[in-house]
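# Coordinates in review
Below, each chain spelled out in residue letters.
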Amino acid sequence: MCGIVGVVGRGPVNQLLYDSLLLLQHRGQDAAGIATSQGSHFNMFKAHGLVRDVFRTRNMRSLPGVSGIGHVRYPTAGSSASEEEAQPFYVNAPFGITFAHNGNLTNWRELRESLYRVDRRHINTNSDSEVLLNVLAHELQSAANGVSLDDDTIFRAVAALHKRVRGAYAVVAQISGYGLLAFRDPHGIRPLCIGRQETEEGVEWMAASESVALEGSGFVFVRDVEPGEAVFVDLDGRMVSRQCADNPQLVPCIFEYVYFARPDSLINGVSVYDARLRMGEYLADKVARNMRLGDIDVVMPIPDSSRPAAMQLAARLNLDYREGLIKNRYVGRTFIMPGQAVRRKSVRQKLNAIGMEFKGKNVLLVDDSIVRGTTSREIVDMARAAGANKVYFASAAPPVRFPNVYGIDMPTQSELIATGRSDEEIAQTIGADGLIYQDLQDMQQSVTDMNPALKRFEASCFDGQYITGDITAEYLERLGQSRRSSSDEESSGGLQFNMGYGSNDA
């Protein structure tokens with residue numbers, strides 16, 4: 001899971017991109033990068049770390065231009081240790097393109113082989129995003145008539161890309177001398193929206209993973225990019241769009257609503273906050289059916305993403321709600337940290353218990369989900385150490401039993417605590433006195449209640465159904481082996497580029 005943003009402005013956009021990436025920081029904390037376009041030149045800087053740590057004044061000064069893209073990385077395919085795999089990526093032919101991608105391709109290995117043997121394109125990293133960039137570059141070259149591009153050519157290239165590529169992808173790309181291209185896979189698995197801002201100099205456009213990046217930057221949310229759709233904004237601020245997929249179907253990732261997205265975002269016509277409140281209501285009904293409410297003294301959220309569900313659960317069941325766990329906001333989100341040891345250590349650094357809220361009480365802890373169980377086990381131990389009499393646990397999501405291949409870093413079943421265990425066994429493993437999981441149908445209904453047009457969801461990590469239809473047991477085993485062999489080491493420093501059209505300085 002990553003965060004992407006692209007802007008065509010009327011003045012320098014480096015600060016605007018920086019501010020937008022800060023608003024998307026929750027989507028990736030491993031690396032950050034910005035690429036701007038000034039005339040026929042691209043300027044880029046990217047490095048490991050949080051946005052605020054990656055970009056210094058000297059870096060910002062080296063990013064002039066009135067259009068640009070940005071990216072915050074949460075590593076999936078490839079290695080988090082490689083700074084070269086931080087985004088944006090750049091390719092110099094045929095037109096000069098900088099590129100940022102959120103998602104994960106399921107056929108990137110086959111594409112990489114085809115790019116080398118048929119298209120004669122060299123891929124320099126293990127990133128599926130670089131593969132996707134080169135597919136786009138090749139299709140632009142094939143669709144172009146001579147040395148210039150127009151709207152039809154760009155949209156034909158995206159349509160050809162859709163036919164070759166499988167998996168999840170939301171993309172922003174700059175084409176040197178032409179403008180900003182944004183598009184979404186035919187299932188709309190990963191989110192992407194567009195907004196506009198009126199200025200004295202003219203209209204400005206932004207495409208971003210979440211609406212919060214638009215609104216927090218002064219842009220007015222216009223709409224979501226449709227599944228399979230491509231949006232192109234030229235350097236004069238003219239926006240055009242076209243459906244480029246043969247049979248698009250909106251099947252968004254349900255985990256966006258459960259955990260990844262900010263609660264103040266609007267995704268596919270659904271308020272993330274309202275969806276999480278609704279999850280709390282459905283979860284409350286299941287708690288009431290399966291537990292004696294008199295056994296619960298207090299409901300507590302595990303901050304932050306579970307707070308709306310916990311508040312609504314407590315209100316619906318007429319139970320006391322307390323904030324017994326205080327979060328250190330300067331520690332990143334543990335789910336998206338690379339490496340189990342790092343995650344385990346960070347739980348204790350991130351959360352601290354208020355003893356008076358736990359001592360002698362039967363506590364119902366509410367979390368958004370339970371994935372590896374690392375955080376859950378540590379928090380239950382923390383609650384008992386703070387004096388809790390009994391510790392019950394409720395998850396606003398169903399058991400995570402299957403690998404995810406569309407951009408969420410849980411590709412091996414061996415890492416998932418729910419794999420091969422009953423609810424009672426999971427409760428015992430995390431040390432809880434009782435465990436309640438949300439039902440899958442209720443979780444999905446929580447989102448559909450907010451937008452009845454949403455009929456299907458990408459929920460493979462819960463139900464094992466992979467919507468792209470190309471995932472086999474052999475694929476999952478190969479992916480697991482790749483993950484186990486990848487390194488979690490990190491490097492320091494940064495990569496600074498100043499690229500002219502046709503150069504190969506990258």
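Residues numbered from 1 in each chain as written. Predicted model: local features only at pLDDT ≥ 70, side-chain atom pairs only at ≥ 80, totals over all residues. Heavy atoms only, no water.

### Examining the packing of helix 9 (residues 272–290) against helix 15 (residues 440–448)
Contact geometry of helix 9 with helix 15 gives a least axis separation of 8 Å together with a crossing angle of 140°. Compared by their axis directions, helix 9 and helix 15 come out oblique. By crossing handedness, the relation of helix 9 to helix 15 is classed as right-handed. Between helix 9, through A275, R278, M279 and Y282, and helix 15, the contact on the second element is made entirely by D442, M443, Q445, S446 and V447. (Axes fitted to C-alpha atoms, helices over the stretch in contact; angles between N-to-C directions. Helix = DSSP H or I, 4+ residues; strand = E, 2+ residues; numbered from the N terminus. Parallel < 35°, antiparallel > 145°, perpendicular 65-115°, else oblique. Left-handed = near helix turned anticlockwise from the far one by under 90°. Contact = heavy atoms within 4.5 Å.)

### A few points about the sheet that holds strand 7 (residues 167–175)
Adjacent strands of a sheet pair through backbone hydrogen bonds, lying either parallel or antiparallel. Within the open sheet, the six strands sit side by side as 5-6-7-8-12-13. Their pairing is antiparallel. In the strand order of this sheet, the two ends are held by strand 5 (89–91) and strand 13 (239–243), each with one partner. Adjacent strand axes in the sheet meet at a mean angle of 20° when their direction is disregarded. Bridging between strand 5 and strand 6 (residues 97–105) involves three bridges; their strand directions are antiparallel. Each residue of the ladder has a partner; that of F89, found in strand 6, is F99. Strand contacts of helix 5 (residues 128–143): strand 5, strand 6, strand 7 and strand 8 (179–184), with the helix running at about 125° to strand 6, the strand carrying the most contacts. (Pairing = 2+ DSSP bridges.)

### What about the pattern of salt bridges?
Tallied over the full model, the rule gives 31 salt bridges. Note that E357 is salt-bridged to K361, the shortest N-O span being 3.5 Å. Between R384 and D433 there is a salt bridge; the shortest N-O distance is 2.9 Å. With R384 in helix 13 (residues 374–385) and D433 in the loop between helix 14 (423–430) and strand 22 (434–437), this residue pair connects regions lying 49 residues apart in the sequence. (Salt bridge = Lys/Arg side-chain N within 4 Å of Asp/Glu carboxyl O.)

### Focus: the nonpolar core
Burial of nonpolar side chains together is a common tendency in soluble globular proteins. One finds F255 and Y257 to be the most contacted residues of the largest nonpolar core, which totals 57 residues. Among the secondary structure elements, those contributing two or more residues to this core are helix 8 (255–260), helix 9, helix 10 (307–317), strand 20 (362–367), strand 21 (390–395), helix 15, helix 16 (460–463) and helix 17 (473–485). Among the elements that line this core, the one with the most residues is helix 9, at six residues. F95, L111, A137 and F155 belong to the second-largest nonpolar core, a separate cluster that totals 37 residues. (Core = buried A, V, L, I, M, F, W, Y, C linked by side-chain atoms within 4.5 Å. Buried < 20%, exposed > 50% of the residue type's maximum accessible area, 1.4 Å probe, protein only.)

Fair warning: the whole summary comes from geometry, so function is off the table for now.
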